[in-house]
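Architecture and fold: a report
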Amino acid sequence: MRRLVSILLLLAMLNLSGCGYNTLQSQDEQINAGWSEVQNQYQRRYDLIPNLVNTVKGYAAHEKGVLEEVTRARASVGGLKVDASVLNDEAAFAKFQQAQGQLSSALQRLMVVAEQYPNLKADGNFRDLQAQLEGTENRIAVARNRYIKAVQTYNTTVRQFPSNLTAKMFDMQTRPNFALPNAAAEQAPAVNFNTGGK
Amino acid sequence: MKTLRALLALLLCLPLWLPAEVAVPELQRRVTDLTATLTVEQVNTLENQLRTLEQDKGSQVAVLMVPSTGEETIFDYGMRVVEHWRLGRQGVDDGVLLLIAKNDRKTQILVGRGLEGALPDITAKRILQDLVRPRLRDGDFDGGIRSGVDAIGKVLAGEALPPPAKRSHKGSSNNVWLLLFAAAFLAPILRQLFGRTGGSLVGGGLAAGAGWFMGGLLLALGGFVLGVMIMLLLGSGRMGGLYIGGGGGWGGGGGGFSGGGGDFGGGGASGDW
């Protein structure tokens, strides 16, 4: 009987702990997957921009300021390091966020300017690009939210007892997360492209 | 006086937030109209159209009309809806939601991951602005929704998707109860004939056979297990308490509409009128 009890106790202990090692691993993988998704969607936006800039140039070539701003912001995003190593480096992560945020603001300004050109707004190509940009911004938002949740789950596991002991053992640390957007600094183009009347 | 103060203190401690989010309705039908704009016939016609679409292609398309999405954008609200409803088949992710916020005058199409190739953002936008919008402007909500659904159906018709699974009846809880009662009645008889263990196995086998006949392998396996359990329990002479613990779990509420576990990545488009 005693043997049975001790075996059961051992099993219970092992179960409780599994020490969260496997949980940490799977949550870590979730983060990597979430990051890939975020990257995909930012890349999608990145790819849309040249077309968009050219279409706007066709109708509003003298809006040089905002067009150049967008091109510059896109170039600085292109120069960023974006592999998974960014996830362990707070500084690189912050830089990434900032660069993407600047691109978002530049795009928003571009769309506001485009509103003033009725011929541009009526252009079929431009309408398609608008739809794609809107969709992409939405997907970025969804990917970011899922990434944020994945990191929160992981960080909680890393910090809670007893899995924090396992985390320390294997040198697993909390990961940086996206900062909640500051309303002024980083607002994805929440532009309503449909202004009722045509 | 003391109790009054205590009560007051308690009240002050209660969270006084005002819920700013509009609630996501439970998924019960393919067409959910919370604004009471559509007539019953119109809803039924749409439902039939969507049901046929699911039977033919396997994709789950749903329509939701709400008065307003409150402070959230229609996209954010829509995402909450689809993440709760899980339209589309798991793994295939072929769900589509057509969402209309009547008082906000906003429309939204949300497309499951698996259909983002067939129904890209541009197409969704065109459906909303070119087909749905003019009809909504005229106040023809039924026409607007139908034109949207027709267009979505046409797009899906051209798309090669995994064939829809045969709808097995494992959702019906009635079959399980039938098996259990049969098992209970037969138990003492079989015990007489075959002895305790033998009776259990034969009873289990019969339950399995009935289960297979009624609903496929899953029900058969479940039937076998339950049958054996019941035989063993009742075979010793007690006719009392049917141990029906496990039985209730499967009846999924047959007949209703439920999501298939599909995932949404945020694709689609929004419009207005």
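The structure under discussion appears in the preceding block.
So, here's what we can say about the structure. (Residues numbered from 1 in each chain as written. Chains lettered and ligands numbered in written order. Predicted model: local features only at pLDDT ≥ 70, side-chain atom pairs only at ≥ 80, totals over all residues. Heavy atoms only, no water.)

1. Concerning the interface of chain A and chain B
The interface of chain A with chain B comprises 17 residues on the first partner and 23 residues on the second. D128(A) is paired through a salt bridge with R126(B); the nearest N and O atoms lie 2.8 Å apart. Linking chain A with chain B are eight residue pairs in polar contact (both at pLDDT 80 or more), by the criterion used here. When residues of the side of chain A that touches chain B are assigned to their parent elements, the largest contribution, 11 residues, is made by helix α6 (residues 124-159) of chain A. (Contact = heavy atoms within 4.5 Å. Salt bridge = Lys/Arg side-chain N within 4 Å of Asp/Glu carboxyl O. Polar contact = N/O pair within 3.5 Å; in protein donor to acceptor, adjacent residues only side chain to side chain. Helix = DSSP H or I, 4+ residues; strand = E, 2+ residues; numbered from the N terminus.)

2. Points about the side chain of Q41(A)
Residues and elements named next belong to chain A. By secondary structure assignment, the location of Q41 is in helix α2 (residues 21-60). Within the structure, Q41 has its side chain in polar contact with the side chain of E37 (distance 2.8 Å). Look past the residues within four positions of Q41 in its chain and what remains in contact with it is T136, R139, I140 and A143.

3. As for the pairing of strand β3 (residues 95-101) of chain B
Residue and element names in this part refer to chain B. Counted residue by residue, β3 has seven buried out of seven residues, so it is predominantly covered. Side chains of β3 alternate between two faces, with G95, L97, L99 and A101 and V96, L98 and I100 buried alike. Where strand β2 (residues 60-66) meets β3, seven bridges bridge the pair, whose relative direction is parallel. Across the sheet, the residue bridging to V63 is L98, located in β3. In terms of handedness, the path from β2 via helix α3 (residues 74-85) over to β3 forms a crossover that is right-handed. Bridge count for β3 against strand β4 (residues 106-112) is six bridges, and the pairing is antiparallel. Within β4, the residue paired with A101 across the bridge is K106. (Buried < 20%, exposed > 50% of the residue type's maximum accessible area, 1.4 Å probe, protein only. Pairing = 2+ DSSP bridges. Right-handed = clockwise from strand over helix to strand, strands pointing away.)

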